[in-house]
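# Results of the structural survey
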Amino acid sequence: TRTTAVLLDDDLHYDYTFERHLDALIKASYTLPREKVMQDLTNIFDVHDFTSVQSIPFLNRIKLYNQPIVLLSAGNDEFQRMKINSTEMGDYFDDVLIVHGNKEVQVDKFSQTESQIFFINDKIFENEEVKKKCPNAEVLRLINPHKRYGARSDTMSLPAFDTLDRIADYIDSKITNI
């Protein structure tokens, strides 16, 4: 049901919403009280803080580079904005861009005007696509301990980090205009 709720089409465009997930569960023969489940799911952002303890120090640190910081998120615009607003981190970014998929297209636009781009992401497929389309971008994988990557992650030649602090150290060593 998760895949049905997340993917909009065969081109791997994302469109997850609580409504789509609930509809997928009901289609899979689950009997659920629609209004109650929707209320509980909507309230999840009120009762859980999804901000990593590493996020704010990391953003403050990379802000020191005086370079644009862009949050590029894939998914349903309304749902993604609800997530971002619940973290209260939107103000740390110079821009917030939400696309249905194909992040590499947006990164490619940045690569036309910026001399150095660091793309930080935990999704292997997206990282591979960005690296193919934008070979000059530094694609850095943040290892998410809650995701299973399988054997595919062992074949990647992209740098992988287990903390945002280590990513910031790496960027410190690579950035040319400190």
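Parameters at a glance
Residues numbered from 1 in each chain as written. Predicted model: local features only at pLDDT ≥ 70, side-chain atom pairs only at ≥ 80, totals over all residues. Heavy atoms only, no water. Helix = DSSP H or I, 4+ residues; strand = E, 2+ residues; numbered from the N terminus. Buried < 20%, exposed > 50% of the residue type's maximum accessible area, 1.4 Å probe, protein only. Areas by Shrake-Rupley, 256 points an atom, 1.4 Å probe, with all protein chains shown as cover. Salt bridge = Lys/Arg side-chain N within 4 Å of Asp/Glu carboxyl O. Pairing = 2+ DSSP bridges. Right-handed = clockwise from strand over helix to strand, strands pointing away. Patch = residues over 30% accessible without salt bridge, like charges linked within 9 Å, V, L, I, M, F, W, Y side chains within 5 Å. Arc of directions from axis to C-beta. Polar contact = N/O pair within 3.5 Å; in protein donor to acceptor, adjacent residues only side chain to side chain. Core = buried A, V, L, I, M, F, W, Y, C linked by side-chain atoms within 4.5 Å. Contact = heavy atoms within 4.5 Å. Phe/Tyr/Trp six-rings, centres within 6.5 Å; stacked < 30°, edge-to-face > 60°.

## Notes on the overall build of the protein chain
- The number of helices and strands found in the protein chain is eight helices and five strands.
- Its helices and strands in sequence order give the protein chain the pattern α-α-α-α-β-α-β-α-β-α-β-β-α, from N to C terminus.
- Looking at the protein chain residue by residue over its 178 residues, the buried ones come to 39%.
- Accessible surface, the protein chain: about 11200 Å² in total, of which carbon and sulfur atoms supply 50%.

## Some details on the pattern of salt bridges
- All chains considered together, the criterion is met by 11 salt bridges.
- With its nearest N and O atoms 2.8 Å apart, the salt bridge here joins Lys-36 to Asp-40. A residue pair is termed a helical-turn pair when its members lie 3 or 4 positions apart in one helix, as Lys-36 and Asp-40 do in helix α3 (residues 34–47) at four residues.
- One salt bridge in this structure joins Asp-169 and Arg-61, with 2.6 Å as the shortest N-O distance.

## Section: the pairing of strand β2 (residues 95–99)
- Burial runs high along β2: four of the five residues are buried.
- Sheet topology note: the strand β1 (residues 70–74)/β2 ladder contains five bridges and is parallel. Pairing of Ser-73 across the sheet is with Ile-98, part of β2.
- Handedness of the crossover joining β1 and β2 through helix α5 (residues 77–87): right-handed.

## Regarding a nonpolar patch on the surface
- Residues Ile-26, Tyr-30 and Leu-32 make up a contiguous nonpolar surface patch of about 260 Å² in total accessible area.
- Structurally, Ile-26 can be placed in helix α2 (residues 18–27).

## Observations concerning α5
- Among the residues of α5, those classed as buried are Phe-79, Gln-80, Ile-84 and Thr-87. For α5, the arc enclosing every buried residue in end-on projection is 135 degrees, short of the 170-degree limit, so these residues lie on one face. Facing away from the buried side of α5, by more than 90 degrees, are the exposed residues Glu-78 and Asn-85.
- Taking the backbone nitrogen of Glu-78 as reference, a side-chain oxygen 3.1 Å away marks Asn-76 as the first, capping residue of α5.
- Phi turns positive one or two residues past the end of α5, at Glu-88, with a value near 60 degrees.

## Focus on the nonpolar core
- Ranked by internal contacts, the top residues of the largest apolar core, which has 19 residues, are Phe-58, Leu-59, Ile-62, Phe-93, Leu-140, Ile-167 and Ile-171.
- Among the secondary structure elements, those contributing two or more residues to this core are α4 (55–63), β2 and α8 (164–174).
- When residues in this core are grouped by element, the largest group, five residues, is from α8.
- Setting aside residues up to four positions removed in sequence, Ile-171 forms contacts with Tyr-65, Phe-118, Ile-120 and Leu-140.
- Tyr-14, Leu-72, Val-139 and Leu-158 belong to the second-largest nonpolar core, a separate cluster that totals 13 residues.

## Here we look at the packing of aromatic side chains
- Enumeration over the complete set of coordinates arrives at four aromatic pairs.
- For the pair Tyr-16 and Phe-79, a centre-to-centre distance of 5.0 Å together with 70 degrees between the ring planes defines the contact as edge-to-face. Taken together, the residues span a long stretch of sequence, with Tyr-16 in the loop between α1 (2–6) and α2 and Phe-79 in helix α5 at a distance of 63 residues. The pair Tyr-16 / Phe-79 is uniform in exposure class, with both members buried.
- A centroid spacing of 5.3 Å and a plane angle of 55 degrees characterise the contact between Phe-161 and Tyr-170, whose relative ring orientation is tilted. Comparing Phe-161 with Tyr-170, the two get one shared label, buried.

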